[in-house]
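# Residue-level structural notes
Single-letter residue listing:
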Amino acid sequence: MPLLKPLIVAGAAAVALTPALANAAGGGGEPIKYFAIGAGLSVPDDTEQDTNLAPFSGANNFTLPDGFDTSFDPGFNVGALIGYKFNDYWRVEGEYRYSSVDIDATTTRGQFNVPTSANPGGSLTANSGDASVHALFANAVLDINMANNLLPYIGAGIGYADVEISGLGADEGEGVFAYQVFSGLDVKMDEQSWIGARFSFMNTGDFAYDPVGLDTVGGAFTLSEGQYASFDLTIAYRRKFK
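Criteria and cut-off values
- Residues numbered from 1 in each chain as written.
- Predicted model: local features only at pLDDT ≥ 70, side-chain atom pairs only at ≥ 80, totals over all residues.
- Heavy atoms only, no water.
- Helix = DSSP H or I, 4+ residues; strand = E, 2+ residues; numbered from the N terminus.
- Buried < 20%, exposed > 50% of the residue type's maximum accessible area, 1.4 Å probe, protein only.
- Contact = heavy atoms within 4.5 Å.
- Areas by Shrake-Rupley, 256 points an atom, 1.4 Å probe, with all protein chains shown as cover.
- 1 Å grid on protein atoms, 1.4 Å probe; cavity = no way out; pocket = protein on both sides within 12 Å on 5 of 7 lines; lining within 4 Å.
- Points joined across faces, edges and corners; volume = space filled by probe spheres on them.
- Nonpolar A, V, L, I, M, F, W, Y, C, P; charged D, E, K, R; others polar.
- Patch = residues over 30% accessible without salt bridge, like charges linked within 9 Å, V, L, I, M, F, W, Y side chains within 5 Å.
- Salt bridge = Lys/Arg side-chain N within 4 Å of Asp/Glu carboxyl O.
- Lys, Arg positive; Asp, Glu negative; His and termini not counted.
- Charge placed at Lys NZ, Arg CZ, Asp CG, Glu CD.
- Phe/Tyr/Trp six-rings, centres within 6.5 Å; stacked < 30°, edge-to-face > 60°.

Across its full length, the protein holds one helix and 11 strands. Beginning at the N terminus, the succession of helices and strands in the protein can be written as α-β-β-β-β-β-β-β-β-β-β-β. In the protein, buried positions account for 43% of the 242 residues. Look at the contacts in the protein between residues 6 or more apart in sequence, and 74% of them connect residues 24 or more apart. Taken as a whole, the protein presents about 11,600 Å² of accessible surface, with 59% of it coming from carbon and sulfur.

Following this line, the structure appears as structure tokens:
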């Protein structure tokens, strides 16, 4: 994955967010730096694409559906982050997360009969393959302080995701804009560390993906770009450092 572009995006976002968050609340509390590592479950949403027909001269009896939906099996995610807590309320983070899932199937919306390199007979078979995402985010976090060892919070982030999909008729990857929203609950273990769970929703910008090799039919058929979205549940260990 080319790292320069995502680092620039995440770094610029962090620089833009830091002054606003630092001035947003005058809450007390000692500023701290921290890191966290975690792993968990990733459950992607379907990737939906519409079919477009370009003018062409070719074989007759082609039947084209309205579009294709690629579904995924649940997979896993791992990640790490570093953060800075300004006061009792506001934090910023730089986060890296990797997720990997298997493709369940590609299904059609309507009848499909188009010979392609992946399907010479013209019929669509169940897809197989996998999808992986390398994502970098600049996050803003609002802590909801309670008078015990529990720390609920909410947050959001913007950044960059490199989406790579390998399957029937496709082996493609593209870097796109991404965002996430999340909520979580940390439990204080001691004065230095917390353990907790974070539930997040991530969505990417549009990326090109041809799940059934339609681009091999003389340029006659194209698909609209798709988006990758997932719901992630991550268990993480967080520790502050000087």
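Rolled over the atoms, a probe as big as a water molecule pinpoints where empty space is left. Its boundaries defined by the atoms lining it, the largest pocket holds a volume of some 390 Å³. Around the largest pocket, the lining is made up of 16 residues, and of these Lys-85, Asp-88, Asn-145, Lys-188 and Trp-194 lie nearest the centre. Among the elements of the structure, β7 (150-167) and β11 (229-241) are those that each provide at least two residues to the lining of the largest pocket. Residue classes in the lining of the largest pocket are distributed as five nonpolar, four polar and seven charged.

Time to look at a negative patch on the surface. A contiguous patch of negative charge, built from Asp-45, Asp-46, Glu-48, Asp-73, Asp-102, Asp-104 and Asp-130, is present on the exposed surface. Assignment of secondary structure puts Asp-45 in the loop between β1 (32-44) and β2 (47-53).

Let's shift gears to the packing of aromatic side chains. Counted under the stated rule, the structure contains seven aromatic pairs. On the basis of an interplanar angle of 75° and a centroid distance of 5.0 Å, the ring pair of Tyr-84 and Phe-86 is categorised as edge-to-face. Note on Phe-199 and Phe-231: the rings are 6.2 Å apart at their centroids and 15° apart in plane angle, and the pair reads as stacked. Here Phe-231 lies in strand β11 and Phe-199 lies in strand β9 (residues 193-204), a separation of 32 residues in the sequence. Assessed through its relative accessible area of 43%, Phe-199 is described here as partly exposed.

For the rest of this paragraph, the subject is the pattern of salt bridges. Summed over the entire model, instances satisfying the criterion amount to nine salt bridges. The salt bridge involving Arg-91 is made with Asp-143; its shortest N-O contact spans 2.7 Å. Of the two residues, Arg-91 sits in strand β5 (residues 90-109) while Asp-143 sits in strand β6 (residues 129-143), which places them 52 residues apart along the sequence. The same class applies to Arg-91 and to Asp-143, which are both buried. Arg-97 is paired through a salt bridge with Glu-95; the nearest N and O atoms lie 2.7 Å apart. Note on Arg-97: relative accessible area 5%, which makes it buried. Taking the relative accessible area as the measure of exposure, Glu-95 reaches 8% and is therefore buried. If you follow the salt bridges from partner to partner, you end up with Lys-85, Arg-91, Glu-93, Glu-95, Arg-97, Asp-143, Arg-198 and Asp-232 in one network.

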